[in-house]
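# Overview (structure and organization)
Here is what each chain is made of, one letter per residue.
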Amino acid sequence: MALKNKNILIGITGGIAAYKIHTLIRLLVKEGATVKVILSPSAENFVSPNTLSVLSKNSVYTDFFSSQHAWNNHVELALWADLMLIAPCTANTLGKIAHGLCDNFLMATYLSAKCPVMIAPAMDLDMYAHPTTRQNLDTIEDFGNIIIPAEEGELASGLFGAGRMSEPETIFEQIKKHFEVANSLSLEGKKILITAGPTYEAIDPVRFIGNHSSGKMGYAIAEEAAKRGASVQLISGPTALHIQHNNILLTRVTSAQEMYDEVFKHFDTVDIAIAAAAVADYTPKIKASEKIKKNEDTMTIELIKNPDILRTMGERKKEQLLIGFALETENEEANAEAKLVKKNLDMIVLNSLKTEGAGFQKDTNQVTFIYPNKKESFTLKNKNKVAQDILNAVEILVENGF
Ligand code: PMT
């Protein structure tokens, strides 16, 4: 049973389709899931907390404080969930999700959730078709939410068209499929080394040469690999990011040389390596031990080449799948193809700083996978989704013996 012992948190907002959630809860509970329910303030106009509590066999949350003045901890509740579903999701809540508004317990819990979140919108025909709604749906999908699109049919207004919440049976099947995929742990038993973030090359104790990498791309790959059951060794330059999954071992480094040393402590034992870090190609020849004073009008820093970590992995690899990144600003494909060959890679992920929404710091990226004999381009999407595409490609390469 894919749902056995899974914790599912359902947020219900104020729409007529709320009555259908009773059926969904029964299906989930019957399949072995533990279900907890949050009602938005207006949802209580459509469904009763008592009925939902009996069906889910749990208390129903409506506010930050229960009637006994006990605090309902939205963070704990969000962390409890293996999956959060907001259904029906009204146009109002959709707008709040898209813009991070937090004026009720449901929104506070949603904003604290680290698990996958599914959203099943439900509203009238013209509301669903409105450009604001379409844009909000695109935005929240870019955040990594899974949208269960509304279906066509007769609407509460009497109009006919798209806007009906997906049927409970359809939502149930989608949840089941989600856990079947999640439980399949397609990379179980694989060890994956991932580099992420920038490197900082010290000039003196105060200054460094660095770059704009936030680490988002590399960390997203690490999380996705861990979710698929891989043991992940993440070697990261300085970032503000934190890891979520227990299967990830994080080592933080500062300079390219430190990243090199750390990578080669692990490289021989891994099955797969993915280099998403933006490693500085050069480092100051002399790192001043004291802060350099501004006595001169000009100053020259002599730089020497850093080791190329990925190229060295390419030279040393034995039966290991090796994937690199290419960050380009011109002649993108030709440069990436040259790196694929020079660094002895099985695949290179090309991203260009010329593409709006791609590259450093953004939550989105637009990539092309270049293999020795083919290439595949993807649309601009959230980095979590890009990570899924990369890991899907990894699985196919592994299955085919690269
Ligand atoms: O961290 P984010 O803000 O999310 O941004 C993501 C990203 C833009 C940093 C990422 O998508 C990316 O493109 N990473 C590689 C950046 C880079 O340094 O590209 P490059 O073309 O200069 O290097 C080619 C490959 O060689 C890369 O895999 C790089 O990790 C590796 N390399 C480069 C130099 C070096 N000395 N050692 C290396 O291992």
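The name an unreviewed UniProt entry assigns to the protein chain is Coenzyme A biosynthesis bifunctional protein CoaBC, from the organism Bergeyella zoohelcum ATCC 43767.

On to the side chain of Thr 133, then. Following the sequence through the fold, Thr 133 ends up in helix α7 (residues 131-142). What makes Thr 133 buried here is its relative accessible area of 7%. In this structure Thr 133 touches Leu 94, Met 123, Met 127 and Tyr 128, once residues within four positions along its chain are discounted.

This part covers the environment of Ser 352. Positionally, Ser 352 belongs in strand β18 (residues 347-352). Between the alpha carbons of Ser 352 and Ile 192 there is a distance of 25 Å; along the sequence they are 160 residues apart. Ignoring sequence-local partners within four residues, the contact set of Ser 352 consists of Glu 328, Glu 332 and Ala 358. Polar side-chain contacts of Ser 352 include one of 3.0 Å to the backbone nitrogen of Lys 354.

On to the packing of aromatic side chains, then. Tallied over the full model, the rule gives six aromatic pairs. Ring centres of Tyr 61 and Phe 105 lie 5.9 Å apart, and the angle between their planes is 20°; on these two criteria the pair is classed as stacked. Of this pair, Tyr 61 sits in strand β3 (residues 60-61) while Phe 105 sits in helix α5 (residues 105-112), and the two are 44 residues apart along the sequence. We note that Tyr 61, like Phe 105, is buried. Ring centres of Tyr 260 and Phe 264 lie 4.8 Å apart, and the angle between their planes is 55°; this geometry places the pair in the tilted category. Within this pair, Tyr 260 and its partner Phe 264 are both found in helix α10 (residues 256-266), separated by four residues, close to a single helical turn. With relative accessibility at 17%, the residue Tyr 260 sits in the buried group. Taken together, Tyr 61, Phe 64 and Phe 105 form an aromatic cluster joined through their ring pairs. The lysine or arginine in question, Arg 316, covers the ring of Phe 264, its NZ or CZ lying 4.5 Å from the ring centre.

Turning next to the pairing of β18. On any regular strand, side chains alternate: one points to one face of the sheet, the next to the other face. In terms of burial, β18 is a largely internal element, six of the six residues being buried. Sheet topology note: the strand β17 (residues 321-328)/β18 ladder contains six bridges and is parallel. Opposite Ala 326, over in β18, you have Leu 350 as the bridge partner. Read as a crossover between parallel neighbours, the route from β17 over helix α12 (residues 332-342) to β18 is right-handed. As paired elements, β18 and strand β20 (residues 367-370) share four bridges and run antiparallel to each other. Residue pairing across strands places Leu 350 opposite Thr 368, the latter belonging to β20.

Turning next to the sheet that holds β20. Ordered in space as β13-β12-β9-β14-β17-β18-β20-β21, the eight strands form an open sheet in which the pairing is mixed. The open sheet has two edge strands with one neighbour each: β13 (248-252) and β21 (375-377). With direction set aside, neighbouring strand axes in the sheet form an average angle of 15°. Where helix α11 (residues 309-316) meets the sheet, its contacts fall on β9 (191-196), β14 (272-275) and β17, and the angle it forms with β17 comes to roughly 150°.

Parameters at a glance
- Residues numbered from 1 in each chain as written.
- Predicted model: local features only at pLDDT ≥ 70, side-chain atom pairs only at ≥ 80, totals over all residues.
- Heavy atoms only, no water.
- Helix = DSSP H or I, 4+ residues; strand = E, 2+ residues; numbered from the N terminus.
- Buried < 20%, exposed > 50% of the residue type's maximum accessible area, 1.4 Å probe, protein only.
- Contact = heavy atoms within 4.5 Å.
- Polar contact = N/O pair within 3.5 Å; in protein donor to acceptor, adjacent residues only side chain to side chain.
- Phe/Tyr/Trp six-rings, centres within 6.5 Å; stacked < 30°, edge-to-face > 60°.
- Lys NZ or Arg CZ within 6 Å of the ring centre and 35° of its normal.
- Pairing = 2+ DSSP bridges.
- Right-handed = clockwise from strand over helix to strand, strands pointing away.
- Axes fitted to C-alpha atoms, helices over the stretch in contact; angles between N-to-C directions.

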